[in-house]
Amino acid sequence: MAEFTLRIRRYDPQSGEAPYWDEHTVELEPHRSVLEGILQAKAKNDGSIGVRCSCRAAICGSCGVRINGKPGLACHTHLDSALASATDGVIEVEPMGNMPVIRDLIVDMDAVHWKKIQRVTPWLIGKEPVPEREYIVDRLSMVDVTQTMACIQCGACVGDCLSLEVDPLFVGPAALAKAYRFVGDPRDAMQAERLKDLAEDPHGIYDCTHCFKCIETCPKGVAPMNQIMRLRRRAGQDHHIEDQN
Ligand code: FES
């Protein structure tokens, strides 16, 4: 067992009070997660600490926070590695950026993240005629979209996106990676329309400034910026095809 001090950002917008930092010392094995540290502080010291979590296994994406200034999953960050990146021996935990705080570490994912995901029609629109059995897709096409399928919708990339900070209307890294999942799927009937829409939207694929933050922060290796670049390449090809016609 070892002692770790967590400095947690506390804020209740409904209280009318300003945000403040709150320190708690927890006792856990170093390989335990920052989430377990927060939950111990909540259980033993202060039950009012607001934190969202579910699976505790880096699957559900609900425990996204900033740890020592960097977005990540609290359940997927060991206390010892968090301490190693702390500047003053205290692990700092605060809510993700670019989203309004509901309370303490809980942000309003509906107001930003999910709204943007909805913007890109996040489901497959199957081609007609519907085959009698399954759609047959070649293996390489599916390999191409596999990386985007790894997204667990934690919002870490959204919380750290510099383009979103400047332009809150930017469709954003998570939603554009989701868009590539369908633009790259040969079963989708709306590939060209999706591309045209996201290329013509001033807040779409050309609004990304290549800051690489989403690549650095994604805990699942989705590399949203790379997916945005792939959308751009495909949009360029599409225009080229239209010009030739
Ligand atoms: Fe599910 Fe962390 S609690 S990803």
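Throughout what follows, the structure given in this document is the object of discussion. Just so it is clear, the structure is predicted and the values come from calculations on it, not from any experiment. Starting from 1, residues in each chain are numbered consecutively following that chain's sequence as written. With the structure being a predicted model, the display of local features is reserved for residues of pLDDT at least 70 and the display and counting of side-chain atom pairs for 80 or more, all residues being used for whole-chain, interface and lining totals. Excluded from the side-chain calculation are hydrogens and water; included are all heavy atoms of the structure.

### Here we look at the overall build of the protein
For the record, the criterion: Helix and strand assignments follow DSSP, with helices taken as H or I runs no shorter than four residues and strands as E runs no shorter than two, numbered in order from the N terminus. A simple rule labels every residue: compare its accessible area, found with a 1.4 Å probe on the protein chains alone, to the largest value its type can have, and call it buried under 20%, exposed over 50%, or partly exposed in between. The criterion used for residue contact is that any of the two residues' heavy atoms lie within 4.5 Å. Computed with the Shrake-Rupley method and a 1.4 Å probe, the accessible areas treat only the protein chains shown as cover for residues.
A tally of helices and strands in the protein yields ten helices and seven strands. Across its three principal directions, the C-alpha atoms of the protein cover 65 × 40 × 30 Å. Across the 245 residues that make up the protein, the buried fraction comes to 45%. Across the protein, contacts joining residues at least 24 apart in sequence account for 65% of those joining residues at least 6 apart. Within the structure as shown, the protein displays about 12,600 Å² of accessible surface, and the carbon and sulfur contribution to it stands at 51%.

### What to know about the sheet that holds strand S3 (residues 64–67)
Our working definition: Here a strand pair is declared whenever DSSP counts at least two bridges between the two strands. An axis is simply a line fitted to the C-alpha atoms; with a helix, the fit covers only the stretch in contact. Between two such axes, the angle follows the N-to-C directions and lies from 0 to 180 degrees.
Overall, mixed pairing links the five strands, which are arranged S2-S1-S5-S3-S4 in an open sheet. On the outer flanks of this sheet lie strand S2 (20–28) and strand S4 (70–73), each paired with one strand and no other. Adjacent strand axes in the sheet meet at a mean angle of 35°, parallel and antiparallel pairs treated alike. Pairing between strand S1 (residues 2–10) and S2: nine bridges, direction antiparallel.

### Section: the layout of surface pockets
Here is the rule we go by: Using a grid of 1 Å spacing that covers the protein atoms alone, one calls a set of points a cavity when a 1.4 Å probe fits there but cannot get out, and a pocket when the set is open and has protein on both sides within 12 Å along at least five of seven lines; lining residues are those with an atom within 4 Å of a point. Grid points are joined across faces, edges and corners, and a volume is the space filled by probe spheres set on the points. Residues were grouped as follows: Ala, Val, Leu, Ile, Met, Phe, Trp, Tyr, Cys and Pro as nonpolar; Asp, Glu, Lys and Arg as charged; and all remaining residues, including Gly, as polar.
Put simply, the largest pocket is a space of about 350 Å³. Along the walls of the largest pocket sit 17 residues, with Ile-67, Lys-70, Pro-71, Gly-72 and Thr-77 positioned nearest its centre. Put simply, the parts of the chain that give the lining of the largest pocket at least two residues each are S4, helix H2 (79–84) and helix H9 (213–217). With four residues, S4 is the largest single contributor of residues to the lining of the largest pocket. Approximately 260 Å³ is the volume found for the second largest pocket. Taken together, 13 residues form the lining of the second largest pocket, with Lys-115, Lys-116, Pro-168, Leu-169 and Phe-170 sitting closest to its centre. Ranked by residues supplied to the lining of the second largest pocket, first place goes to helix H3 (residues 110–119) with five residues. Residue composition of the lining of the second largest pocket, by class: seven nonpolar, two polar and four charged.

### Brief notes about the pairing of S4
For S3 and S4, the ladder comprises four bridges, and the chain directions are antiparallel. Across the sheet, residue Arg-66 finds its bridge partner in S4, namely Pro-71.

### Some words on empty space enclosed by the protein
All chains considered together, the criterion is met by three cavities of 30 Å³ or more. Within this model, the largest cavity holds a volume of roughly 90 Å³. In terms of lining residues, the largest cavity is bounded by 14 residues, among which Cys-151, Gln-153, Cys-154, Cys-157 and Cys-218 are the most central. Contributing elements (two or more residues each) for the lining of the largest cavity: helix H5 (156–160) and helix H7 (173–183). When grouped by side-chain class, the residues that make up the lining of the largest cavity number eleven nonpolar, two polar and one charged. Roughly 70 Å³ of internal volume is contained in the second largest cavity. The wall of the second largest cavity is formed by Cys-161, Ser-163, Phe-170, Pro-173, Cys-208, Thr-209, His-210, Cys-211, Phe-212, Cys-214, Met-225 and Ile-228. Of the residues contributing to the lining of the second largest cavity, the split by class is nine nonpolar, three polar and no charged.

### Section: helix H8 (residues 191–200)
Heads up, the rule is: Directions are taken from the helix axis to each C-beta atom, and the arc is the one they span.
For H8, the set of buried residues is Arg-194, Leu-195, Leu-198 and Ala-199. The buried residues of H8 occupy an angular sector of 125° when the element is viewed end-on, so they sit on one face.

### Re helix H1 (residues 34–44)
Since the α-helix advances by 3.6 residues per turn, residues separated by three or four positions end up pointing in the same direction. Listed in full, the buried residues belonging to H1 are Val-34, Leu-35, Gly-37, Ile-38, Leu-39, Gln-40 and Ala-41. Residues of H1 that are buried sit in contact with S1, S2, S3, H2 and strand S5 (91–94).

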